[in-house]
Amino acid sequence: MDYAKEAAEVLKSIGGKDNVISAAHCATRLRLVIADNKKVDKAALENATGVQGVFEAQGQLQIIFGTGTVNKVFEQFIAQSGASAVSKDEAKAQGAKKGNWFQRGIKTLGDIFVPIIPAIVASGFLMGIMESLKFMVNNGFLTLDSSSSLFVFADLFSNVAYTFLPILIAFSAAKVFGGNPFLGAVIGMIMLHPNLQNAWTVATEGVHTYQEVFFGLYEVPLVGYQGHVIPVIIAVWLMCFIEKRLHKVVPPMFDLFVTPLVSVFVTGYLTLAAIGPVFTTVENFVINGVQWLIAIPLGIGSFIMGGLYATTVVSGIHHMYTIIDLGQLGSYGLTYWLPLASAANVAQGGAALAVALKTKNKKLKSMALPASLSAFMGITEPAIFGVNLRFVRPFIAASIGGACGALYASVVGLGATGTGVTGIFGILLHLHRPVQYILTIAIATGVAFVISWVLGIPEENKQEGAAPEQAEAPAVAAPQAETVLTAPLTGTAVSLDETNDPAFMSGALGKGVAIRPAENRVVAPCDGTVSAVMGHAVGISCADGAELLIHVGIDTVSLNGKHYTGHVQEGQHVKAGDLLLEFDRAAIEKEGYPVITPVVVTNATEFAAVEDKLGDVTAGKDTILTIKR
């Protein structure tokens, strides 16, 4: 391969060396921080020699070349561009600084809410199940002992994440803002103190108690902040601001008790006296405004928002929608926003599915099909960035489909009992009205699929910059050879969709499986030669020509090899079962990174099929992939 040529094509497609701020690479991707994204020719870049996929994330332009290739392209790119070669962490930090204040604010909201989504989802699912059981029991469809410990305890657990939501938000926000997360949790506890009136009872009982503040300047209601989001984030930001400055001025011998005391007391007083009342009003204005919009007669407002939803995903604004969901749950007991999001997401899947079934381009088909399935599960980035937005017409079709699904959801008044999950599994948040939810996603998917099929894609006539595919040769009798790869880790083999990484989910990096490890050792799944060693990842060129990537964890490139111990070197010959790598699962997870491990055949297109086998596996014994020639 001509790596200099590949690097030159990339450099030309991104607008030249003057448009590069810095460059880095991981085991599979060239990671560039670009000065002006408008100068990047995405179409030319996607069709450049050796490029397997292109997408933007974390303020970086990430170009997929694959294991064993990306490092060589990187060397040539640095030589030709004169760009600054930085570490992955430095590139990530530089990427985070890009964008205006609004974009950085939206990213901050995403950083706060993403870690607490599992807790919100768990409560939302359980709330949906309990509401459905109560409905069936009350209407005689089901006979259950609602006084049993199982029923009572489950009902108790179902809303706990929402009842104590400010504590979860405060803890996460403090970590994002660089403060002590436990002091942040204390601020959340102050806002839920049992001496404050329950915010959810105010609507029926009214406010009972007021307190004069700032020496009698005015009175504030002594009401808790259950179900509120914005006041908590603002309060914790203030606490972190105070805490960090006190650390700089308070002598070390007094810092341990002075800084926490002053930070919590000052923030707590200002929160109950001013921040809480003011930003509760702001939050209620936003929530009521959104509800007014989606309640416009005939579903017109929902139709507009359902159509624009995917565009907001492209811009990153969707990270703020958790605030709307949680605010509506606190105010109305249901979120009417989530069904709109679900309709928009599955519509992207419907449009990508039409592309997958209609296209004759094998590379596009192999990318579009898994991307569509991912969108049906609620993860839309592979479908949006890898397929629909690339050809524009499918994206338009998906937007129309999302609008139609949202219109129906609004007309029937569909709401969800929780947040965090859309797509097929979103039905667990709509068990109180399952038929309406199924119809919502069916309408969105069907409309998007039909319009995308009718509009077609430019690739049908001429694939931009791509060489025409060779006509398939007549079938000839030939022996079918196959290679069996054993599990490199002990654990559970699952679909690549469970990695939640767009590059792996879309198939851009190849076909394979992901393993949830139960042990801390990685062994060779075949005889071959080590083609790449990146601390967290190992590439192997198998004896039969298959190129294999074992990537321990997601985004673990940021650890720079920390918590990993390599036992092989690049160019080393290995036998199946040889120890390649050891890692500390607990330490990696404590750093906030999932250890789910993709195992992919990066040159899968050179083979007839790559078949996977899911379930519990033992390293070096059980088959996970069968490669057929």
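Residues numbered from 1 in each chain as written. Predicted model: local features only at pLDDT ≥ 70, side-chain atom pairs only at ≥ 80, totals over all residues. Heavy atoms only, no water.

Our focus in this paragraph is the overall build of the protein. For the protein, the count of helices and strands is 22 helices and 21 strands. Here the protein has a C-alpha radius of gyration of 27 Å; the compact-globule value for 629 residues is 25 Å, and the two agree. Projected onto the principal axes, the alpha-carbon positions of the protein cover approximately 85 × 65 × 50 Å. By the burial criterion, 48% of the 629 residues in the protein qualify as buried. Taking the contacts inside the protein whose residues are at least 6 apart along the sequence as the reference set, 73% of them involve residues at least 24 apart. When the accessible surface of the protein is totalled, it reaches about 28,500 Å², and 62% of it is carbon and sulfur. Across the protein, 40 positive and 48 negative side-chain charges occur, with their mean positions spaced 5 Å apart. (Helix = DSSP H or I, 4+ residues; strand = E, 2+ residues; numbered from the N terminus. Rg over C-alpha atoms; globule rule 2.2 N^0.38 Å. Buried < 20%, exposed > 50% of the residue type's maximum accessible area, 1.4 Å probe, protein only. Contact = heavy atoms within 4.5 Å. Areas by Shrake-Rupley, 256 points an atom, 1.4 Å probe, with all protein chains shown as cover. Lys, Arg positive; Asp, Glu negative; His and termini not counted. Charge placed at Lys NZ, Arg CZ, Asp CG, Glu CD.)

Working definition: an aromatic ring pair is given by the centre-to-centre distance plus the angle between the planes. Across all of its chains, the model carries eleven aromatic pairs by this definition. Here phenylalanine 449 and tryptophan 453 contribute two aromatic rings whose centre-to-centre distance is 5.9 Å and whose plane-to-plane angle is 25°, an arrangement assigned as stacked. Within this pair, phenylalanine 449 and its partner tryptophan 453 are both found in helix H20 (residues 434-455), separated by four residues, close to a single helical turn. The class for phenylalanine 449 is partly exposed, based on a relative accessible area of 24%. Look at tryptophan 453 and you get partly exposed, because its relative accessible area is 36%. Among the aromatic residues, those joined into a ring-pair cluster are Phe214, Tyr218 and Tyr269. (Phe/Tyr/Trp six-rings, centres within 6.5 Å; stacked < 30°, edge-to-face > 60°.)

Turning to the environment of glycine 507, a few remarks are in order. Looking at the secondary structure, you find glycine 507 in the loop between helix H21 (502-505) and strand S10 (511-517). For the pair glycine 507 and alanine 368, spaced 139 residues apart in sequence, the C-alpha separation works out to 8.8 Å.

As a further point, take the sheet that holds strand S21 (residues 623-628). Pairing is antiparallel across the open sheet formed by three strands, whose spatial order is S8-S21-S19. Each having just a single partner strand, strand S8 (482-486) and strand S19 (609-612) make up the two edges of the open sheet. The average undirected angle you get between the axes of adjacent strands in this sheet is 15°. Both S8 and S21 contribute to a ladder of five bridges, which runs antiparallel. Following the sheet pairing, valine 484 is matched in S21 by threonine 626. (Pairing = 2+ DSSP bridges. Axes fitted to C-alpha atoms, helices over the stretch in contact; angles between N-to-C directions.)

Between helix H16 (residues 338-358) and helix H18 (residues 381-391), the least distance of the axes is 10 Å, while the angle of their chain directions is 40°. Judged by the angle between their axes, H16 and H18 are oblique. Along this stretch, H16 crosses H18, giving a crossing that reads as left-handed. Mapping the contact onto sequence places Gln348, Ala351, Ala352 and Val355 in H16 and Ala383, Ile384, Val387 and Asn388 in H18. Broken down by class, the residue content of the contact of H16 with H18 amounts to six nonpolar, two polar and no charged. (Parallel < 35°, antiparallel > 145°, perpendicular 65-115°, else oblique. Left-handed = near helix turned anticlockwise from the far one by under 90°. Nonpolar A, V, L, I, M, F, W, Y, C, P; charged D, E, K, R; others polar.)

Let's shift gears to empty space enclosed by the protein. Scanning the model with the defined rule gives two cavities of 30 Å³ or more in all. Counted as a void, the largest cavity has a volume near 60 Å³. Classifying every residue of the lining of the largest cavity by side-chain character gives four nonpolar, two polar and four charged. (1 Å grid on protein atoms, 1.4 Å probe; cavity = no way out; pocket = protein on both sides within 12 Å on 5 of 7 lines; lining within 4 Å. Points joined across faces, edges and corners; volume = space filled by probe spheres on them.)

What follows covers the pattern of salt bridges. Tallying each qualifying case throughout the model produces four salt bridges. Residues arginine 516 and glutamate 498 are paired through a salt bridge, measuring 2.7 Å at the closest nitrogen-oxygen approach. Of this pair, arginine 516 sits in strand S10 while glutamate 498 is found in the loop between strand S9 (491-494) and H21, placing the two residues 18 residues apart along the sequence. A salt bridge links lysine 562 to glutamate 591; the nearest nitrogen and oxygen atoms lie 2.9 Å apart. A residue pair is termed long-range when its members are at least 10 positions apart, and lysine 562 in the loop between strand S14 (547-551) and strand S15 (564-566) and glutamate 591 in the loop between helix H22 (585-590) and strand S18 (597-601) qualify at 29 residues. For glutamate 591, a relative accessible area of 35% translates into the label partly exposed. (Salt bridge = Lys/Arg side-chain N within 4 Å of Asp/Glu carboxyl O.)

Turning to unusual backbone geometry, a few remarks are in order. Positive phi values are uncommon outside glycine, yet phenylalanine 214 reaches one of about 50°. Tracing the chain through its elements places phenylalanine 214 in the loop between strand S6 (210-213) and strand S7 (218-221). Non-glycine residue leucine 298 carries a positive phi angle of around 70°. Here leucine 298 is to be found in the loop between helix H13 (252-294) and helix H14 (300-315). Among the residues examined, leucine 298 registers a relative accessible area of 71% and is labelled exposed.

Another aspect to go through is the sheet that holds strand S20 (residues 615-617). If you walk across this open sheet you meet the eight strands as S16-S12-S13-S14-S18-S10-S9-S20, and the pairing is antiparallel. Every interior strand has two partners, whereas the edge strands, strand S16 (573-574) and S20, have only one. As defined by bridge partners, S9 adjoins S10 across four bridges and the pair is classed as antiparallel. Across the sheet, the residue bridging to alanine 493 is isoleucine 515, located in S10.

Owing to its 3.6 residues per turn, the α-helix aligns residues three or four sequence positions apart on the same side. The end-to-end C-alpha distance of helix H12 (residues 230-249) is 29 Å, a good match for the 28 Å that 20 residues give at a rise of 1.5 Å each. Within H12, the full set of buried residues consists of Ile230, Pro231, Val232, Ile233, Ala235, Val236, Leu238, Met239, Cys240, Ile242, Glu243 and Leu246. (Expected span 1.5 Å × (residues − 1).)

Our next topic: the environment of tyrosine 218. Secondary-structure assignment places tyrosine 218 in strand S7. On the accessibility criterion, tyrosine 218 (31% relative accessible area) is partly exposed. For the pair formed by tyrosine 218 and alanine 273, sequence separation is 55 residues and the distance between their alpha carbons is 9.2 Å. Reaching out from tyrosine 218, the side chain makes a polar contact with the backbone oxygen of alanine 273 at a distance of 2.8 Å. (Polar contact = N/O pair within 3.5 Å; in protein donor to acceptor, adjacent residues only side chain to side chain.)

Looking now at the confidence of the model for the protein. The predicted model of the protein has a mean per-residue pLDDT of 84, with 91% of residues at 70 or higher. Within the protein, the element-level pLDDT minimum falls on helix H4 (residues 88-97), averaging 57, and the maximum on helix H10 (residues 181-190), averaging 96. Low pLDDT, under 50, characterises residues 461-480; the stretch is placed with 14 contacts to residues that sit more than four places away or in other chains. (pLDDT = per-residue confidence, 0-100.)

This part covers the pairing of S18. Among the five residues that make up S18, five are buried, leaving the element largely enclosed by the rest of the structure. Neither face of S18 is left uncovered, since the one carrying Thr597, Val599 and Val601 and the one carrying Pro598 and Val600 both have all their residues buried.

Mapped onto the fold, threonine 312 is located in helix H14. Relative accessible area serves as the criterion here: at 13%, threonine 312 is assigned to the buried category. There is a polar contact of 2.5 Å between the side chain of threonine 312 and the backbone oxygen of tyrosine 309.

Attention shifts here to the environment of leucine 559. Looking at the element boundaries, leucine 559 is found in the loop between S14 and S15. Sequence separation between leucine 559 and valine 392 is 167 residues; the distance between their C-alpha atoms is 37 Å. Ignoring anything within four residues of it in the chain, the contact list for leucine 559 reads Tyr564, Ile588, Glu591 and Tyr593.

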